Amino acid sequence: MTAAYRDPDLTMSTQRPPSDRDIGAAMERELKMALDGPTDLATILSRLPAPTDTVEQHNHYFVDPHSLLSTLGMMVRVREERSPEAPAPRQVILTLKRRVSVSDGVFVAHEMESCLPPEDWEEVRAGARDLLSLSCDGLQTIRDLGVSQLQLRGTMVNLRRKISLGGFILEVDQTTFPNGVIESEIEVETERPEEARAMLEE
């Protein structure tokens with residue numbers, strides 16, 4: 001298990017280096033530890049408590065044709081969350097994220113999240129509506145930047161196991177990229193990343 005130096009969100013969004021643009025969003029600080037393939041994942045899971053929840057996430061990444069959001073270091077994602085055995089999403093969340101810094105596996109970003117009505121999102125997926133026609137704070141921020149169109153760049157499927165350990169919530173992810181590559185990592189959203197790192201490396 002090693003410190004992660006890339007974020008799947010950034011991989012899919014073609015983000016450029018951080019900008020100073022303030023999107024009026026909350027600050028998120030995450031420790032990301034990369035796992036070395038299926039064997040490492042299985043070994044880690046065998047040593048951890050049983051998950052308190054398991055969620056299948058379908059992450060859809062959007063870009064604008066003129067790359068304005070990329071220039072500003074911003075990522076747009078629509079996430080469908082569902083139980084692995086259930087076809088209908090529990091919820092649909094739009095996220096606007098701007099990376100601030102990355103250092104030794106600690107990712108800091110401004111993040112704005114908005115829930116989307118599942119029926120509206122289904123119309124977008126079916127091509128009957130444009131994503132920017134929906135109403136939420138994140139999309140209004142994008143429109144205010146002068147972006148008039150968003151295009152789907154790609155979709156990743158992630159199986160997330162949530163595990164409580166040592167006062168932290170671990171998110172153990174197994175992500176399948178559009179090209180079929182599968183990667184695994186542990187994420188911990190915390191203001192105490194070094195304490196979480198020490199616990200995981202024991």
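Here we summarise the structure given alongside this text. (Residues numbered from 1 in each chain as written. Predicted model: local features only at pLDDT ≥ 70, side-chain atom pairs only at ≥ 80, totals over all residues. Heavy atoms only, no water.)

### Some thoughts on the overall build of the protein
This is how it is decided: Only DSSP runs of H or I with at least four residues qualify as helices, and only runs of E with at least two residues qualify as strands; both kinds are numbered from the N terminus onward. Whether a residue is buried, partly exposed or exposed follows from its accessible area with a 1.4 Å probe, protein chains only, as a fraction of its type maximum: under 20%, in between, or over 50%, in that order. Note on contacts: a residue pair is in contact if any heavy atoms of the two residues lie within 4.5 Å. Methods summary: accessible areas were calculated by the Shrake-Rupley approach with a probe of 1.4 Å, and residue burial reflects only the protein chains presented.
Across its full length, the protein holds six helices and nine strands. Burial status across the protein gives 49% buried among its 202 residues. Relative to all contacts within the protein whose residues are 6 or more apart in sequence, the contacts with residues 24 or more apart total 63%. Summed over all atoms, the accessible surface of the protein reaches about 9700 Å², with 48% contributed by carbon and sulfur.

### Considering the environment of Thr155
Rules: Here a polar contact is recorded for every N or O atom pair within 3.5 Å, except that within protein the pair must consist of a potential hydrogen donor and a potential acceptor, and residues adjacent in sequence are included only if both atoms are side-chain atoms.
Here Thr155 lies in strand E7 (residues 151–165). Of the residues examined, Thr155 reaches a relative accessible area of 28% and is grouped as partly exposed. For Thr155, the side chain forms a polar contact with the side chain of His60, separated by 2.9 Å.

### Remarks on helix H6 (residues 193–201)
Quick note on the threshold: This arc is taken over the directions from the axis of the helix to the C-beta atoms.
Looking only at H6, the buried set comprises Pro193, Ala196, Arg197, Met199 and Leu200. Each buried residue of H6 lies within a common arc of 165° when the element is viewed along its axis, so the set occupies one face.

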